Amino acid sequence: MSEFGGCGFLVAGYNTGGAPEAVVCKARDIGKVGMGKMKEKRHSVFVYGTLKRGFPNHHLLRDAHYEGTFRTREKFPLVIGGEFFSPYLLHRPGEGSQVKGEVFRVDDQMLSRMDELERVGVNYTRKVVQVHNGENVEEVYAYLKCNYTEDLLNAEHHDEYIDRRYVPRHLRPKVEVANRMELAAARS
């Protein structure tokens with residue numbers, strides 16, 4: 001299993017000989033790594049916010065296999081922040097709570113779409129974390145917020161995301177969209 005070290009643009013994994021390997025990526029390459037001529041892989045992903053069933057971004061997982069409800073084995077701060085009430089799992093292991101979420105099995109294409117939604121390499125990193133369902137412990141991917149403000153660090157911690165105030169991107173003011181486009185152009 002490999003990890004996207006989003007904020008540092010480092011992709012770590014194993015080469016075909018089984019030896020550790022690291023590749024530095026540019027933001028525009030995120031989601032393309034490992035997608036070459038290899039056979040389609042299945043990945044387990046822990047979702048804790050708007051990708052959960054019944055929430056606005058779950059449509060990205062409509063073809064995924066639901067594995068069940070799990071909690072992170074390690075504590076993480078789950079906070080709600082920003083003007084669009086987004087849920088964030090802060091990359092601060094050992095702080096916060098064992099967060100409740102859902103695990104899905106996804107293919108490479110779904111994983112790439114999730115990386116795009118979460119802006120891996122800009123706002124999030126995709127890391128391997130351990131989760132449990134009371135019986136089994138599994139290693140899965142999770143999206144962790146790697147750049148955050150003091151406001152998010154000081155926000156109330158939750159052990160489960162149930163807030164319904166989140167504003168999906170397609171309903172946000174056009175200024176937000178224009179700023180994202182400028183950011184993308186600057187990275188190219």
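Preceding this section is the structure that the text describes.
Here we summarise the structure given alongside this text. Keep in mind that what you see is a predicted model, and the values were worked out from it rather than measured. (Residues numbered from 1 in each chain as written. Predicted model: local features only at pLDDT ≥ 70, side-chain atom pairs only at ≥ 80, totals over all residues. Heavy atoms only, no water.)

## Quick look at unusual backbone geometry
Logical step 1: Positive phi, normally seen in glycine, also occurs at Phe85, with a value near 55°.
Logical step 2: Within the element layout of this structure, Phe85 appears in the loop between strand E6 (78-81) and strand E7 (86-89).
Logical step 3: Positive phi values are uncommon outside glycine, yet Arg119 reaches one of about 55°. (Helix = DSSP H or I, 4+ residues; strand = E, 2+ residues; numbered from the N terminus.)

## Here's the deal with the pattern of salt bridges
Logical step 1: Counting across every chain of the model gives five salt bridges.
Logical step 2: The residue Glu102 makes a salt bridge to Arg53 at a minimum N-O spacing of 3.3 Å. A residue pair is termed long-range when its members are at least 10 positions apart, and Glu102 in strand E8 (residues 100-107) and Arg53 in the loop between strand E4 (42-47) and strand E5 (65-72) qualify at 49 residues.
Logical step 3: Notably, a salt bridge pairs Arg126 with Asp115, separated by 2.8 Å at the nearest N-O pair. In this pair, Arg126 is assigned in strand E9 (residues 124-132) and Asp115 in helix H1 (residues 108-118), connecting sequence segments 11 residues apart.
Logical step 4: A relative accessible area of 3% means that Arg126 is categorised as buried. (Salt bridge = Lys/Arg side-chain N within 4 Å of Asp/Glu carboxyl O. Buried < 20%, exposed > 50% of the residue type's maximum accessible area, 1.4 Å probe, protein only.)

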